[in-house]
Amino acid sequence: MTITTASVRLSLAHNAALLLFSAQVVSAQTSLPVYTDDFVNGFTDWSWALHNSANPSPTHDGARSISVSAAVWEGISFHHADMDTSAYQDFSFWAHGGTNGGQRLQIYAELSGVPQPVFVLPAPLTANSWQQATVSLSALGVANKPNLSRLNIQLRPDGTTGTFYLDSVQLGAKPPPVMVNVSVNATQALRTVDARHFGVNLAIWDGYYDSPNDATTASLLSEMGCLAVRLPGGSTSDEYHWASNTSWTNTWQWPTSFPDFMRVATNIGAQVFVTVNYGSGSPQEAAAWVAYANGDAALYGSVNDPALGVDSGGRDWRTVGYWARLRTLTAASNPDHQFDFLALGRSAPLGIKNWEIGNECYGTWERDTNTSPNHAYTYAVRATNFMARMRAVDPSIKVGVVGVPGENAYANGYTDHPAVNPRTALTNFGWTPILLTTLKQLGTRPDFLVHHVYPQWTDALSPATSPDNDTTLLQSSANWEKDAADLRQQIADYFGPTGTNIELVCTENNSDSGAQGKQSTSLVNGLYYADSLSQLLKTEFRGFVWWDLRNSTDRGGNFADSIFGWRDYGDLGMINGLNTRHPSFYAAKLMQWFARPGDKILNATSDYAWLAVYAARRANGAISLLVLNKANTTNQNAQLVLNGFTPSAAATIRSFGIPNDEAARTNGPAADQDISVNGIAYAGANFVFSFPPYSMTLLTLVPDPPRLTAILPAPGGQFVFQLQGQPEVRYVIQSSNNLTNWVSVLTNTLISGTLNVTNVMAATPAQKFWRAVWQP
């Protein structure tokens, strides 16, 4: 145990007191290509001029260029999902005037679809030759913005209209600074950490929950600091029948059942999210699941509860015979799947609090057997019934519904139930406005709104055109603040003041929701995990559940050399097979030393986009500082300034990066593949530290030792001393008669920097000593 102390002695006589990592693995100064033989890095073709983006000649670089045969005011357009421009300084391209030249071009950009100022190129294009045009992002009105969505090159009327050519289009990177300025405000707490922030999805196709593999799975979850799990497994939830452990109309059973999950979840003491079957299930089936999990242990549910009843499939969820059958769920085919509360080490209900109605029900990829599938109005009406029946079984549960940012997102072609925003008077047809409007009209309030985030999607049929890009992925975490603001505004607009207590929860996040390439198993995805969770912790999202613990090996995605990494397979799981750990596992493991439930997230800033910094005030008063170097070749030196906190010179450093991942590649010692632990002896309120490329570094900074000072003169029969420490730090006052055996007499977390302590003295006091200690 580390103890920093201050002591005071009383005797009878007296007192003494970045990398920009884009289409190629090169230096931090590399720009982000927009067009190089094709639209790349997540940019797509939104042009409204006649053009050929695979023109073979002339070209500036590579094998293809864009030929443009535009009428006046027509243009070439490069669209991207809202992206952060803080790492870039200009927009450039090469242009060729064709046979005659003389074309006049203008450029403008858009922020979330809103056009910004126009920049007119000062000279017309030259015939039969290439020339480069470079425009600062400041001139385009998009410098240091989080939501660049489009770049447009447009033909003006004051020039010729002959065919011209474009090539080598890019965003130019800012050069990395010699010294990055990092600042932490220890007095400004942003949010409080929740246990649900450290979650991971479990899946019914993961076969490692039977004995003895369940012990290994539980051990891995504990090792990574997991405090919440979600089941039964993404989109499978909307066709999963929990009682039979089957999907849809199939009769075969999944390797892992609800009881299997709960054995492990109970073992590690995790909170649980359960996603009930909306797409092909019934409210009665969902209510029965709640009853089975949270009902009376002897009956496995309140069998006469009217919240259950007969569903549309003719199943009577009240029958005693049905509940009796559940007691030995699938026991005949697999004894490991037998369920009994006593087998879980419990004689009481499981008390699962978090329940979701369906999974991504707004998506047309989701199973939905309703007459109007993937319809927000239908979903809201049925969700009201789900919530009523589930809450009737257990009124203490929290029930969430699925939502999406954007007032017109996922309308899915339905216009039969428009939603009018009372604040803007605009009519919208998107999923979330209709959902919230309908729930409000029906008098039903959900406990939380569920959000899923995958910044990329790779088509298994054409992985070569995958948007997977390490640079844009490592920028995408900045969107959490925007998503939180969007969803909260929609709740305020469409649900009104009674929606204030509707929480926001993310129950799925990973890098790519499509076919998986090597990025998913690379160090970059580990960095993305740490960056994504840390950004989310600064917002009002009250939960974060990563997808997922084990998924499957996938070789159908992007394995291009432009993607960092060495594994020859993709896998969204943190673990492959029984216990092969991916970098995302170690990122999660590292985060348990960053923050735990009840800790405070602090305001921390960096003046360089590729060196991200996050800070937390631990419950014991220490400060953890997480620094992510998202540049893959450049060490970044940083001046770390701590405002409102003075650390001890000794600090613990935990890190994970290229050397650890390289040890995994070469099958090095297990200790070398794991998180590295070191220390420094020169920390302070202002000090310099160097962060290796592609690294996660966690500095644990403990408070400087406190001081005790006697206050003289003191009232008769009293001894008064002053504890001098730091605000928000927890100190223990101890006393001793012999400097060997110490007894704790007072524990206090300081509000200011000092605390006066008064001791009543005996008439003939013996020698006594006091000290103040800080304990981890």
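All values derive from a computational prediction rather than experimental measurement.

Conventions used here
- Residues numbered from 1 in each chain as written.
- Predicted model: local features only at pLDDT ≥ 70, side-chain atom pairs only at ≥ 80, totals over all residues.
- Heavy atoms only, no water.
- Helix = DSSP H or I, 4+ residues; strand = E, 2+ residues; numbered from the N terminus.
- Buried < 20%, exposed > 50% of the residue type's maximum accessible area, 1.4 Å probe, protein only.
- Axes fitted to C-alpha atoms, helices over the stretch in contact; angles between N-to-C directions.
- Parallel < 35°, antiparallel > 145°, perpendicular 65-115°, else oblique.
- Left-handed = near helix turned anticlockwise from the far one by under 90°.
- Contact = heavy atoms within 4.5 Å.
- Nonpolar A, V, L, I, M, F, W, Y, C, P; charged D, E, K, R; others polar.
- Pairing = 2+ DSSP bridges.
- Phe/Tyr/Trp six-rings, centres within 6.5 Å; stacked < 30°, edge-to-face > 60°.
- Expected span 1.5 Å × (residues − 1).
- Salt bridge = Lys/Arg side-chain N within 4 Å of Asp/Glu carboxyl O.

J.: Would you explain the overall build of the chain in this entry?
T.: Of the regular secondary structure elements, the chain holds 12 helices and 43 strands. The buried share among the 776 residues of the chain stands at 56%.

J.: Hey, could you run me through the packing of helix α3 (residues 283-294) against helix α5 (residues 376-393) in this one?
T.: Geometry of a packed helix pair, given as the angle between the helix axes and the separation of the axes. Closest axis-to-axis distance for the α3/α5 pair is 8 Å, and the angle between their directions is 25 degrees. Taken together, the axis directions place α3 and α5 in an arrangement best described as roughly parallel. Crossing of α3 over α5 shows right-handed handedness. Residues Pro-283, Gln-284, Ala-286, Ala-287, Val-290 and Ala-291 of α3 form the contact with α5, whose own contacting residues are Arg-382, Asn-385, Phe-386, Arg-389, Met-390 and Val-393. Its residues assigned to classes, the contact of α3 with α5 comprises eight nonpolar, two polar and two charged.

J.: Whenever I open this one, the pairing of strand β7 (residues 75-83) confuses me. Can you help?
T.: For a regular strand, side-chain orientation follows a simple rule: the groups alternate between the two sheet faces. Among the nine residues of β7, seven are classified as buried, and the element is accordingly described as predominantly covered. Relative to β7, strand β4 (residues 44-45) runs antiparallel, the two being bridged by two bridges. Residue pairing in the sheet places Thr-44 in a bridge with His-79 of β7. The sheet contact formed by β7 and strand β13 (residues 148-155) spans six bridges and is antiparallel. In the strand pairing of β13, Gly-75 is matched with Gln-154.

J.: Just to check I follow, could you spell out the packing of aromatic side chains for this structure?
T.: The description of an aromatic ring pair rests on the distance of the ring centres and on the angle between the ring planes. Using the criterion set out here, one finds 34 aromatic pairs in the structure. Measuring from ring centre to ring centre gives 5.7 Å for Phe-721 and Trp-770, while their planes differ by 50 degrees; the resulting arrangement is tilted. Of this pair, Phe-721 sits in strand β39 (residues 718-724) while Trp-770 is found in strand β43 (residues 768-774), placing the two residues 49 residues apart along the sequence. No difference in accessibility class separates Phe-721 from Trp-770, as the two residues are buried. Among the aromatic residues, those joined into a cluster by ring pairs are Tyr-278, Tyr-362, Trp-365, Tyr-379, Phe-386, Tyr-410 and Trp-431.

J.: What should I look at first to understand the sheet that holds β39 in this one?
T.: Sheet strands associate in pairs through backbone hydrogen bonding, adopting either a parallel or an antiparallel arrangement. Ordered in space as β38-β39-β42, the three strands form an open sheet in which the pairing is antiparallel. Looking at strand neighbours, the two that pair on one side only are β38 (707-711) and β42 (754-760), the edges of this open sheet. Strand-to-strand, the axes of this sheet are offset by a mean angle of 30 degrees, without reference to chain direction. With five bridges connecting them, β38 and β39 associate as antiparallel partners. Its bridge partner being in β39, Thr-709 is matched across the sheet by Gln-722.

J.: Is there a simple way to explain the sheet that holds strand β30 (residues 600-606) in this structure?
T.: Pairing within the open sheet is mixed, and its nine strands lie in the order β35-β34-β37-β32-β31-β30-β15-β33-β36. Strand pairing shows two members of the sheet lacking a second neighbour, β35 (676-680) and β36 (686-691), which therefore form its edges. Going across the sheet, the axis of each strand differs from the next one's by a mean of 25 degrees, ignoring polarity.

J.: When you look at unusual backbone geometry in this model, what are you seeing that I'm missing?
T.: What is expected of a backbone is that most residues other than glycine have negative phi and most peptide bonds are trans. A cis amide bond links Ser-57 with the next residue in sequence, Pro-58, at an omega value of 0 degrees. Structurally, Pro-58 can be placed in the loop between β5 (50-55) and β6 (65-69). The omega torsion across Trp-547 and Asp-548 is -15 degrees, close enough to zero to call that bond cis. Here Asp-548 lies in the loop between β27 (541-546) and β28 (575-576). The backbone of Trp-73 sits at a positive phi, close to 75 degrees, despite the residue not being glycine. Its place among the elements puts Trp-73 in the loop between β6 and β7. A residue is classified by how much of its surface remains accessible, and Trp-73, at 42% relative accessible area, is partly exposed.

J.: What is the right way to look at α5 in this model?
T.: Spacing of three or four residues puts side chains on the same side of an α-helix, whose turn is 3.6 residues. Between its first and last C-alpha, α5 extends 26 Å over 18 residues, near the 26 Å set by a 1.5 Å rise per residue. Where α5 is buried, its residues meet β20 (271-276), α3, β21 (354-357), β22 (398-402) and α6 (431-441).

J.: Whenever I open this one, the pattern of salt bridges confuses me. Can you help?
T.: A side chain of one charge can pair with a side chain of the opposite charge if their charged atoms are brought near each other. Considering all chains together, one arrives at 26 salt bridges under this definition. The partner of Asp-158 in a salt bridge is Arg-104, and the shortest N-O contact between them spans 3.8 Å. Residue Asp-158 is found in the loop between β13 and β14 (164-173), and its partner Arg-104 is found in the loop between β8 (88-96) and β9 (105-111); the two are separated by 54 residues along the sequence. Between Arg-423 and Asp-493 there is a salt bridge, with the nearest N and O atoms lying 2.8 Å from each other. Taken together, the residues span a long stretch of sequence, with Arg-423 in the loop between β23 (419-420) and β24 (427-428) and Asp-493 in helix α8 (residues 479-494) at a distance of 70 residues. The buried category is assigned to Asp-493, whose relative accessible area is 8%. One connected set of salt bridges, linked through shared partners, spans Asp-194, Arg-196, Lys-398, Glu-503 and Arg-542.

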